[in-house]
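# Structural characterization, general
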Amino acid sequence: MSLSVPPADSLKLLVLGAAGVGKTALIQRFLHDSFEPRHRRTVEELHCLAPVPGALPIRLEILDTSGSYSFPAMLKLRIRQADAFLLVFSLNDQDTFQELERLREEILLVRGDLDAPMVVVGNQTDLFPGVDTGPGQLLSVEAAAVAELQWECGYLETSAKLDHRVRDVFQDLLRRVNLPCLLSPALERRRASAEPEKRQHRRRRQHNCMVS
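On a predicted model such as this, the values are computed, not experimentally measured, just so you know.

About the cut-offs
Residues numbered from 1 in each chain as written. Predicted model: local features only at pLDDT ≥ 70, side-chain atom pairs only at ≥ 80, totals over all residues. Heavy atoms only, no water. Helix = DSSP H or I, 4+ residues; strand = E, 2+ residues; numbered from the N terminus. Buried < 20%, exposed > 50% of the residue type's maximum accessible area, 1.4 Å probe, protein only. Contact = heavy atoms within 4.5 Å. Areas by Shrake-Rupley, 256 points an atom, 1.4 Å probe, with all protein chains shown as cover. Pairing = 2+ DSSP bridges. Phe/Tyr/Trp six-rings, centres within 6.5 Å; stacked < 30°, edge-to-face > 60°.

The next point concerns the overall build of the chain. From N to C terminus, the chain includes 6 helices and 7 strands. Helices and strands in the chain line up, N terminus first, as β-α-β-β-α-β-α-β-α-β-α-α-β. Burial status across the chain gives 51% buried among its 212 residues. Considering only contacts in the chain between residues 6 or more positions apart, those separated by 24 or more positions represent 73%. Element-wise, carbon and sulfur atoms account for 51% of the exposed surface of the chain, whose accessible area totals about 10600 Å².

Below you can see the structure in the form of structure tokens.
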């Protein structure tokens, strides 16, 4: 699915998926080219990239979510606010793809249409060899078929640990909102300066994105 960029100065990407599938790891690899092997529980973090002439025409806001979704009303609000979605599951865990199916249904229910730009990401390819015929490879085939043929959205397999196709994920999603993004040296430098803003559910805060 694709749509035109909304007439605004920012594009909001919402990253959804079960806990432990590597949502934060993908974002950290994309923004900072780093990988933290220990799982760190995320509450909610907003990462921003300021516009870069010739590379990124508007501000990019990436919202990292917890994976527990203990606040259904907050999840619905984030879905309504988002312009595009990254749906992440682990190729090593069938249950995380089933959770992705539930989250997609929630997106369709909240937005009331089938046109929300989405990219499905099968993460953690490093946990099984590509020629393996075990559960990981079977899930890969199933997920690709469902995402591309039934949901008609993008599908990529990644490894945040090995930096495999992480950049492709964000480029594909931006392309689906008709926003060309050239990851030039200028944008690479700007990525390094992106700072996350932690957000709390129980009280309202100003959502300030400071990127130098």
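That was the structure; now back to the text.
As a further point, take the environment of L46. Position of L46 relative to the elements: it lies in strand β2 (residues 44–49). Residue classification places L46 among the buried residues on the basis of a relative accessible area of 5%. Distance from L46 to D64, taken between C-alpha atoms, is 6.2 Å for residues 18 residues apart in sequence.

Burial within strand β5 (residues 118–123) is extensive, with 6 of its 6 residues counted as buried. Neither face of β5 is open: one carries M118, V120 and G122, the other V119, V121 and N123, and all of them are buried. Summarising the sheet, strand β4 (residues 84–90) and β5 pair through 6 bridges and their orientation is parallel. Within β5, the position partnered with L87 by the bridge is V120. Bridge analysis of β5 against strand β6 (residues 154–157) gives 4 bridges, and the strand direction is parallel. Residue V120 lies in a different strand from β6, and its bridge partner there is Y155.

A complete count under the given rule lists 4 aromatic pairs for this structure. Ring centres of F30 and F170 lie 4.0 Å apart, and the angle between their planes is 15°; on these two criteria the pair is classed as stacked. Pair noted here: F30 is in helix α1 (residues 23–32) and F170 is in helix α5 (residues 166–176), with a separation of 140 residues, a long-range link. The two residues F30 and F170 agree in class, both being buried. Consider the rings of F89 and Y155, whose centres lie 6.5 Å apart with planes at 25°: the pair is stacked. One end of the pair, F89, is in strand β4; the other, Y155, is in strand β6, with 66 residues separating them in the sequence. Like Y155, F89 is buried. Grouped by ring-pair contacts, the aromatic residues F89, F97, W151 and Y155 constitute a single cluster.

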